[in-house]
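Chain by chain, the residues run as shown.
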Amino acid sequence: MTNKFSLFYDYPLQKLNTFGIAAQAKYFVQINRPEQLAALRADPFLSSLPRLILGGGSNLVLSDQVDALVVQMHCLGKRVIGEDDSHVLVQAEAGEGWHELVLWTLAQGYGGLENLSLIPGTVGAAPIQNIGAYGVEMQDLFHSLSAFDCTTGETIVMDKAACQFAYRDSIFKHAYKDRMVILNVTFALPKQWQARLNYAEVARYLATGGIDAPCARDISDAIIAIRQSKLPDPQLIGNAGSFFKNPIVSTSVRDRLMAEFPGLVSYSQPGGDYKLAAGWLIEQSGWKGKALGRVGAYQKQALVLVNLGGATGAEVRHLAQEIQSTVKKKFDVELEIEPVFF
Ligand code: FAD
Ligand code: EPU
């Protein structure tokens, strides 16, 4: 099998980013086999270009002209690679759909990933921001990953400690930014499965349906239904999920805010800090359901910015900045943008 790849010029990206921005890549390649990355690195011209690794495009805000080499990871495959007394090891290639992997593990009888159902995007992107939802983060089930180091040309294996996972964060956003291409990820799924229902909304949903001892599939179904009820479907309304991280503040900041705004939504964190609901801050700042040009804050979930039709990356950035400055003025809290601008 050859390691050659096809190079495309002025490649349309509108269908490859969930915000639906009508961007165009100056150069584009699709990677179907990891060996093609070495061939790409050996090309003096292509390896000199700025590079965007593309998964499902669900956490990206693109400029109209992406003056770079866009490398779409499309390596497929998933398998059980081993087990010990307590865990089954499941490995998936970077280009596999995240939600499809979750459903596949559940169909094999392996629970663990169910709280992360219906998160868009690929397996390869999941470690980048350590995806999380409904009381679980990817790092909770993570075993290791393989990555191609664009600097050295070597393939390395990284364990959990090496990835430096944190809330919506990892080493891939810092020291290894733009350096590592994640090839595959291995998960350790527990043989003794336990439901994780610490998120009140999920427990409530199951109780309403009369399910008092849910299995992993019940939890997945509940989470799919909850997500569908409040998050916009990118097939219908362009978006990148939560646009800002939920800010983490000290107890004293939270107490100050609580005194002034008794309705403040906050969650205590291990270590004593508090996570604030950014959606609440944005709603209270008057942005929910409001728009600036062709971008708005979604009417059912203010933390999600939506493409009202034909939005550009610059318009998205403008609304994000306006929201940041209103929230800063009202609450003296900084909102950090979650998606990647390119
Ligand atoms: P992309 O958007 O293509 O890329 C994101 C970043 O990862 C870029 O920097 C890219 O260069 C890099 N990247 C992608 N693949 C690789 C690779 N193989 N190697 C190295 N770098 C790579 N996120 C959550 O955490 N929780 C949620 O609940 C959640 N809900 C969402 C709901 C909606 C409706 C949407 C649209 C998004 C949501 N997101 C959520 C955000 C998004 O789904 C995740 O960040 C997801 O992991 C992005 O995957 P992707 O393949 O689309 O990555
Ligand atoms: N809220 C409002 N108004 C709003 C939106 C939210 O007041 O318009 C308040 C409500 O009190 C609500 C609370 O904020 O109870 C939390 O809202 P929600 O449960 O919808 O979750 P979130 O904090 O807004 C986070 C993640 C999501 C993840 C959900 C479920 C971040 C930045 N976002 O959203 O992740 O799916 O929890 O766990 O941490 C993503 O990262 O893209 C994403 C969608």
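Definitions and limits used
Residues numbered from 1 in each chain as written. Chains lettered and ligands numbered in written order. Predicted model: local features only at pLDDT ≥ 70, side-chain atom pairs only at ≥ 80, totals over all residues. Heavy atoms only, no water. Helix = DSSP H or I, 4+ residues; strand = E, 2+ residues; numbered from the N terminus. Rg over C-alpha atoms; globule rule 2.2 N^0.38 Å. Buried < 20%, exposed > 50% of the residue type's maximum accessible area, 1.4 Å probe, protein only. Areas by Shrake-Rupley, 256 points an atom, 1.4 Å probe, with all protein chains shown as cover. Pairing = 2+ DSSP bridges. Contact = heavy atoms within 4.5 Å. Axes fitted to C-alpha atoms, helices over the stretch in contact; angles between N-to-C directions. Near = heavy atom within 4 Å. Polar contact = N/O pair within 3.5 Å; in protein donor to acceptor, adjacent residues only side chain to side chain. Domains from an automatic or database assignment. Buried area = accessible area lost by both parts, 1.4 Å probe. Salt bridge = Lys/Arg side-chain N within 4 Å of Asp/Glu carboxyl O. Nonpolar A, V, L, I, M, F, W, Y, C, P; charged D, E, K, R; others polar.

(A) How the structure looks around the overall build of the chain. Secondary structure assignment for the chain yields nine helices and 20 strands. In terms of overall dimensions, the chain is globule-like: its C-alpha atoms have a radius of gyration of 21 Å, near the 20 Å expected for 342 residues. Each principal axis of the C-alpha distribution contributes one length, and for the chain these read about 65 × 55 × 35 Å. With 342 residues in all, the chain has 47% of them scored as buried. Surface exposure of the chain reaches about 15900 Å², of which carbon and sulfur atoms provide 51%.

(B) How the structure looks around the sheet that holds strand E18 (residues 295-297). In spatial order, the strands read E13-E19-E18-E17; together these four strands make up an open sheet with antiparallel pairing. Two strands close off the open sheet at either side, each with one partner strand: strand E13 (238-242) and strand E17 (291-292). Where E13 and strand E19 (residues 304-307) come together, three bridges link them in antiparallel fashion. Within E19, the position partnered with Gly-238 by the bridge is Asn-307. In the packing of helix H9 (residues 313-331) onto the sheet, the strands contacted are E17, E18 and E19, and the crossing angle to E18 comes to about 35°.

(C) Here's a closer look at the site of ligand 1. Ile-53, Gly-56, Ser-58, Thr-122 and Arg-227 are the nearest of the 33 residues found near ligand 1. In this structure, an oxygen atom belonging to ligand 1 sits 2.8 Å away from a main-chain N or O atom of Gly-55. Note that a nitrogen atom of ligand 1 is positioned 2.8 Å from one of the backbone N or O atoms of Ile-182. Protein coverage of the free-state accessible area of ligand 1, which is 980 Å², stands at 93%.

(D) Focus on the environment of Ala-200. Position of Ala-200 relative to the elements: it lies in helix H5 (residues 200-208). Expressed as a C-alpha distance, the spacing of Ala-200 and Leu-116, which sit 84 residues apart in the sequence, is 16 Å.

(E) Up close: the domain arrangement of the chain. Examined at the domain level, the chain breaks down into domain 1 (7-73), domain 2 (78-190) and domain 3 (238-341). Domain 1 and domain 2 are separated by 22 Å when their C-alpha centres are compared. Every contact between the two is made by eleven residues of domain 1 and, on the other side, 16 residues of domain 2. Around 1000 Å² of area is buried between domain 1 and domain 2 when both sides are counted, 64% of it from carbon and sulfur atoms. Of all residues in domain 1, Arg-41, Arg-51 and Met-73 bury the most surface against domain 2, accounting for 47% of the area lost on that side. The tally of links between domain 1 and domain 2 comes to zero salt bridges. Along the contact surface separating domain 1 from domain 2 lie four residue pairs in polar contact (both at pLDDT 80 or more).

(F) Structural detail: the site of ligand 2. The full set close to ligand 2 counts 24 residues, and Tyr-134, Tyr-167, Glu-283, Gln-301 and Glu-338 are the nearest of them. Between Gln-301 and ligand 2, the recorded distance is 2.8 Å, taken from a side-chain N or O atom to an oxygen atom. The fraction of the free accessible surface of ligand 2 (830 Å²) that becomes covered by protein chains is 82%. Among the secondary structure elements, those contributing two or more residues to the shell around ligand 2 are helix H6 (216-230), E13 and helix H8 (278-284). For the shell around ligand 2, the element with the highest residue contribution is H8, accounting for three residues. Its residues assigned to classes, the shell around ligand 2 comprises eleven nonpolar, five polar and eight charged.

(G) Inspection of the side chain of Asn-307 at higher detail. With respect to the secondary-structure elements, Asn-307 resides in strand E19. A polar atom in the side chain of Asn-307 sits 2.8 Å from the backbone nitrogen of Gly-309. In terms of polar contacts, Asn-307 uses its side chain to reach the backbone amide nitrogen of Gly-310, at 3.4 Å. If we ignore the near neighbours within four places in the chain, the residues touching Asn-307 are Phe-19, Gly-20, Ile-21, Ile-237, Gly-238 and Arg-294.

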